[in-house]
Number of protein chains: 2
Amino acid sequence: MERFLGKASIRLESPVEVISSASVVGSKEGEGPLGALFDKAWEDDSLGAKNWEEAESLLQKEALGKAMDKIGMKPEEIQYLFAGDLLGQSIASSFGLGEFQIPFFGIYGACSTCGEALTLGAMAIAGGFADVTACVTSSHFASAEREFRFPLEYGNQRPLSASWTVTGSGAFILRGNFRKAAGKTEGPEEGMCEREPERKPLARICGMTVGRIEDYGIKDSMNMGACMAPAAASTILQHMEDWGRRPEDYDQIITGDLGSVGRTALLDFLRERGMDLEERHSDCGMLIYDAERQDVHAGGSGCGCCATVLASYVLRQLREGFWKRILFLPTGALLSKTSFNEGKTVPAICHALVLESVDS
Amino acid sequence: MERFLGKASIRLESPVEVISSASVVGSKEGEGPLGALFDKAWEDDSLGAKNWEEAESLLQKEALGKAMDKIGMKPEEIQYLFAGDLLGQSIASSFGLGEFQIPFFGIYGACSTCGEALTLGAMAIAGGFADVTACVTSSHFASAEREFRFPLEYGNQRPLSASWTVTGSGAFILRGNFRKAAGKTEGPEEGMCEREPERKPLARICGMTVGRIEDYGIKDSMNMGACMAPAAASTILQHMEDWGRRPEDYDQIITGDLGSVGRTALLDFLRERGMDLEERHSDCGMLIYDAERQDVHAGGSGCGCCATVLASYVLRQLREGFWKRILFLPTGALLSKTSFNEGKTVPAICHALVLESVDS
């Protein structure tokens, strides 16, 4: 059913469909350029919860609930759930998603977690282990500041290279493209997924390139973009080599949350290796806020950043056929406050997904 | 290639083989009843590192290195690596395994992470995405005390229900059982895995039951056994129902780290539902230390507990044919110090793996 295209890539000959998505965000995200595209923007970032961590759990719960509601799906129809966040021991997911009672895989890849979730969720379907899986990630500005830097009450200053953790959660429901697979001997059994979709799938996942942990020795926790840019470059180069493709084969190459500093580093890094990404690169961290108006310094970041941008803007562009094929690259900085305080570097990782319009 | 046996289970018709394992532990584990079975026991729990977190990273690095060395395998022969630990943002794995440069999936399921890693690692192979995968988990008593409770210097007292976090890491290398699959049209392509093993596989993974997040409202972070017992019971009941099996179908049913308090709760819970596990149940947390002599209160716990016991004692029993078939059930308590301090409950999760002797 699948072919290896290289040491780190998988191509799905029978692509996995993204049949629903939902995004729930906070006030700053709602006021940003993509505000009108999110399914819900809270005016109160506490969501009425007792603390920021509980608010983040509610974001996940609401995002998955909305993604299911849009297609009339019940939790018992989802075989496996892949979810994670940035908090210690991934508590936003553990507390936010437990009551759905879907068999659960907790994952962690820092802000790349959305890419890891979609990769594993698609693999579970393409491997024949499930008809339907769901993927959820989240972050919250206030819980992330407490987790990684300082509680908001401390009022610390932020350098211009710092990014702003997105308050938001994105959820995705994936399903096998079984109609196309029918007739192939190696396809899933017939009748495994009888229900017709209520609407056209948003996009299809055609393959992935799985990232490695890259450590370029950078130690600045206020400059995540610089830490993550080498990981994004490494995965892009590996992807193009494995798949025999060039940047021109994609309408857009979209990184997760490099921000303006990381984008510059990525473009420079690739240019030195003979690859020009300038025209077709965009970054979810730069799309979600208005840099002039919203004072977010380098841009947005966090597990909720690329997840909410994918769930809203990117999937809409694919569904409407404005883009035929994109490379989606969630990026993650693998640090904790403990490792930072101990003077360690900030390794990073980036996973790539090939997303195509269902019309292409 | 696989069949669904129920909403949470997978049976692998072509089982995945565990072709190598290794265990590296600290001093207390080396002095315990299984001491002679571990591949290495450090006398100095710091491993000569600058801090406890770095020591834990070294445990992972050494465990995976030893598992590869035993069968002469190189990092580039391993397609995907699934790893995790208990520290915030899973830093033991990020810093311990980066230099192997194997495409990486970070995972988090508290002390159940070993079960999640083996499940995903086996799925990646059985789904046709990889020939060989590796799974690594770890914990360290001193880094876990700092992460979840108090730094050792504080000298806090521990109640008798508390468990003792195992200092250790277990690593496993999995491979598809392609010789048996040959001739089946749905099997992997011939020649995908040509290398013959240098020795007999240790065991084979025949299937799994994926756990749900269970929350019984318990809030005592010094009684992990009671928090996790309902999750273990839930997964055992789901497994028996999905597979149409009874406890008598297994030579041993081995939980991860319930300890003595959790074991009693599990047996009581299942007895009320008409299932008697007393005779064939054992718990890695009770096997790894000598309760009389080593003052560990309820028993061992942590991501390193069931991983090191599986990598040493359990796989040896299967390899030697003393056991034909076991159910292996890593258990995890999904809390953080933040959620504990905010008065939240301790949800739990447990994944089941069916492991069989290759002679059976």
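Each chain has its residues counted from 1, running along the sequence as written. For naming, the first written chain is A and the first written ligand is 1, with later ones following in the order written. The predicted origin of the model limits local features to residues at a pLDDT of at least 70 and limits the giving and counting of side-chain atom pairs to 80 or more, whereas totals for whole chains, interfaces and linings rest on all residues. In computing side-chain values, all of the structure's heavy atoms are included and hydrogens and water are not.

## Thoughts on the overall build of chain A
- A run of H or I in DSSP becomes a helix once it reaches four residues, and a run of E becomes a strand once it reaches two; helices and strands are each numbered from the N terminus. Of regular secondary structure, chain A possesses 12 helices and 16 strands.
- What the globule rule says is 2.2 Å times the number of residues to the power 0.38, and the radius of gyration is computed from C-alpha atoms. For 360 residues, the compact-globule estimate of 2.2 N^0.38 gives 21 Å, and chain A sits close to it at 19 Å.
- Per-residue accessibility, obtained with a 1.4 Å probe over protein chains only, is compared with the maximum for each type, and a residue is labelled buried under 20%, exposed over 50%, and partly exposed between these values. Going through the 360 residues of chain A one by one, you find that 68% of them count as buried.
- Two residues qualify as a contact provided that any one of their heavy atoms is within 4.5 Å of a heavy atom in the partner residue. Long-range pairs, those at least 24 residues apart, make up 78% of the contacts in chain A with a sequence separation of at least 6.
- Only four residue types enter the charge count: Lys and Arg as positive, Asp and Glu as negative, with His and the chain ends excluded. For the purpose of locating charges, the reference atoms are NZ of Lys, CZ of Arg, CG of Asp and CD of Glu. Across chain A, the 36 positively charged side chains and the 51 negatively charged ones have centroids separated by 3 Å.

## Observations regarding the pattern of salt bridges
- Throughout this description, the term salt bridge denotes a Lys or Arg side-chain nitrogen within 4 Å of a carboxyl oxygen of Asp or Glu. The final tally for this structure, using the stated rule, is 36 salt bridges over all chains.
- Close ionic contact of arginine 246 of chain A with glutamate 248 of chain A constitutes a salt bridge, the shortest N to O distance being 3.5 Å.
- Here arginine 246 of chain A falls in the exposed class, since its relative accessible area comes to 53%.
- By relative accessible area, which is 43% here, glutamate 248 of chain A ends up partly exposed.
- A salt bridge links glutamate 278 of chain B to arginine 263 of chain B; the nearest nitrogen and oxygen atoms lie 3.9 Å apart. You can see glutamate 278 of chain B sitting in the loop between helix H8 (259-272) and strand S11 (281-283) and its partner arginine 263 of chain B sitting in helix H8, a full 15 residues away along the chain.
- Under the relative-accessibility criterion, glutamate 278 of chain B is labelled partly exposed at 40%.
- Taking the relative accessible area as the measure of exposure, arginine 263 of chain B reaches 18% and is therefore buried.

## Quick notes on the environment of leucine 267 of chain A
All names here are of chain A.
- The topology assignment puts leucine 267 in helix H8 (residues 259-272).
- Take leucine 267: its relative accessible area is 6%, and that puts it in the buried class.
- Not counting the four nearest positions on each side in its chain, leucine 267 is found in contact with Leu277, Glu278 and His281.

## Thoughts on the relation of the copies chain A and chain B
- Overlay of chain A on chain B (RMSD 0.0 Å): rotation 180°, translation along the axis 0.0 Å. Here the symmetry operator amounts to a two-fold rotation axis.
- Taken as a fraction of all interface residues of chain A, those also at the interface in chain B reach 100%, which identifies the copy contact as same-surface. We superpose the copies by least squares over the C-alpha atoms of residues that have a pLDDT of at least 70 in both of them.

## So, the interface of chain A and chain B
- Across the contact, 65 residues belong to chain A and 65 residues belong to chain B.
- Accessible area that two parts lose when put together, evaluated with a 1.4 Å probe and summed over both, is termed the buried area. For the pair chain A and chain B, the summed buried surface comes to about 5,400 Å²; carbon and sulfur atoms form 63% of the total.
- Note that glutamate 54 of chain A and lysine 344 of chain B form a salt bridge whose closest N and O atoms lie 3.6 Å from each other.
- Two N or O atoms form a polar contact when they lie within 3.5 Å of each other; inside protein one atom must be a possible hydrogen donor and the other a possible acceptor, and for residues adjacent in sequence the pair counts only when both atoms belong to side chains. Counting every contact that joins chain A to chain B gives 22 residue pairs in polar contact (both at pLDDT 80 or more).
- Here the element with the most residues in the side of chain A that touches chain B is helix H4 (residues 113-126) of chain A; it accounts for 6 residues.
- Counted by class, the side of chain A that touches chain B contains 32 nonpolar, 20 polar and 13 charged residues. Residues are grouped as follows: Ala, Val, Leu, Ile, Met, Phe, Trp, Tyr, Cys and Pro are nonpolar; Asp, Glu, Lys and Arg are charged; all remaining types, including Gly, are polar.

## Examining the nonpolar core
- What is meant by a nonpolar core is a set of buried Ala, Val, Leu, Ile, Met, Phe, Trp, Tyr and Cys residues, joined one to another through side-chain atoms within 4.5 Å. In terms of nonpolar packing, the biggest core is built from 106 residues, with Phe172, Leu174 and Phe328 of chain A together with Phe172, Leu174 and Phe328 of chain B touching the most fellow members.
- Excluding residues that lie within four positions of it along the chain, phenylalanine 328 of chain A makes contacts with Cys114, Ile254, Cys284, Cys306, Leu310, His351, Ala352, Leu353 and Leu355 of chain A.

## Regarding the pairing of strand S6 (residues 132-139) of chain B
All names here are of chain B.
- Along S6, 8 of the 8 residues are buried, which leaves the element largely enclosed by surrounding structure.
- Here S6 shows a buried face lined by Val132, Ala134, Val136 and Ser138 and a second buried face lined by Thr133, Cys135, Thr137 and Ser139.
- In terms of strand pairing, strand S4 (residues 80-84) meets S6 through 5 bridges, oriented parallel. Bridge pairing in S6 links alanine 83 to valine 136.
- Two strands qualify as a pair provided DSSP detects at least 2 bridges between them. Where S6 meets strand S8 (residues 168-176), 8 bridges bridge the pair, whose relative direction is antiparallel. Opposite alanine 134, over in S8, you have isoleucine 173 as the bridge partner.

## Examining the pairing of strand S10 (residues 252-255) of chain B
All names here are of chain B.
- What you see with S10 is no split at all: Gln252 and Ile254 on one side and Ile253 and Thr255 on the other are buried throughout.
- Bridging between S10 and strand S13 (residues 325-329) involves 4 bridges; their strand directions are parallel. Looking at the pairing, glutamine 252 lines up with isoleucine 326 of S13.
- Two elements, S10 and S11, share 3 bridges in a ladder whose sense is parallel. Looking across to S11, one finds that isoleucine 253 is bridged to histidine 281.
- Note that the unit made of S10, H8 and S11 has a crossover that is right-handed. If the strands point away from the viewer and the path from the first strand over the helix to the second runs clockwise, then the crossover is right-handed.

## A look at the confidence of the model for chain A
Residues and elements named next belong to chain A.
- Mean pLDDT over chain A stands at 92; residues scoring 70 or higher make up 92%.
- The predictor attaches a confidence to each residue, and that confidence, scored 0 to 100, is pLDDT. In the model, residues 180-195 has pLDDT below 50 throughout and makes 15 contacts with residues more than four positions away in sequence or in other chains.
- The ipTM assigned to the predicted complex is 0.94, against a pTM of 0.94.

## Notes on the state of the cysteines
- Our working definition of a disulfide is a cysteine sulfur pair at a distance within 2.5 Å. This model, assessed by the stated rule, comprises 0 disulfides over all chains.
- The cysteine cysteine 111 of chain A is free of any disulfide, with cysteine 303 of chain A supplying the nearest cysteine sulfur at 5.5 Å.
- The cysteine cysteine 350 of chain B is free of any disulfide, with cysteine 306 of chain B supplying the nearest cysteine sulfur at 9.4 Å.
- Cysteine 350 of chain B sits in the buried class, given a relative accessible area of 0%.

## Side note on unusual backbone geometry
All names here are of chain A.
- Even without glycine at this site, leucine 47 takes up a positive phi of about 55°.
- Note that leucine 47 resides in the loop between strand S3 (40-41) and helix H2 (52-70).
- Judged by its relative accessible area of 7%, leucine 47 falls in the buried class.
- One non-glycine residue, glutamine 101, lies in the positive phi region at around 60°.
- By the secondary structure assignment, glutamine 101 is in the loop between helix H3 (91-97) and strand S5 (104-106).

## Overview of the packing of aromatic side chains
All names here are of chain A.
- Each aromatic pair joins two rings of Phe, Tyr and Trp (for Trp, the six-membered one) with centres within 6.5 Å, and gets the label stacked for planes under 30 degrees apart, edge-to-face for over 60, and tilted for any other angle. Taken as a whole and assessed by the stated rule, the structure comprises 12 aromatic pairs over all chains.
- The interplanar angle of 70° and the centroid separation of 5.9 Å between the aromatic rings of tyrosine 216 and phenylalanine 269 together place this pair among those described as edge-to-face. Highlighted residues: tyrosine 216 in the loop between strand S9 (203-209) and helix H7 (224-243) and phenylalanine 269 in helix H8, separated in sequence by 53 residues.
- Judged by relative accessible area, tyrosine 216 falls into the partly exposed class, the value being 47%.
- An aromatic cluster of three or more residues is present, and its members are Tyr80, Phe82 and Phe105.

## So, the environment of histidine 351 of chain A
- Mapped onto the secondary structure, histidine 351 of chain A falls in the loop between strand S15 (348-350) and strand S16 (352-356).
- C-alpha separation for the pair histidine 351 of chain A and serine 312 of chain A, spaced 39 residues apart in sequence, amounts to 20 Å.
- Setting aside residues up to four positions removed in sequence, histidine 351 of chain A forms contacts with Ser112, Gly115, Glu116, Thr209, Val210, Gly211, Thr235, Phe328, Leu329 and Pro330 of chain A together with Phe104 of chain B.

## Section: the packing of helix H2 (residues 52-70) of chain B against helix H5 (residues 141-148) of chain B
Residues and elements named next belong to chain B.
- The convention used is that axes are lines fitted to C-alpha atoms, helices contributing only their stretch in contact, and that angles between N-to-C directions extend from 0 to 180 degrees. Taken N-terminus to C-terminus, the directions of H2 and H5 make an angle of 130°; their axes are 8 Å apart at the nearest point. Taken together, the axes of H2 and H5 lie oblique to each other. Crossing hand, H2 versus H5: left-handed. Seen from H2, the contacting residues are Trp52, Glu53 and Glu56; seen from H5, they are Ala142, Ser143 and Arg146.
- Grouping the amino acids of the contact of H2 with H5 by side-chain chemistry returns 2 nonpolar, 1 polar and 3 charged. Each angle is binned into one of four classes, with values under 35 degrees roughly parallel, values over 145 roughly antiparallel, values of 65 to 115 roughly perpendicular, and all other values oblique. Note on convention: near helix rotated counterclockwise from far helix by under a right angle means a left-handed crossing. Clockwise means right-handed.

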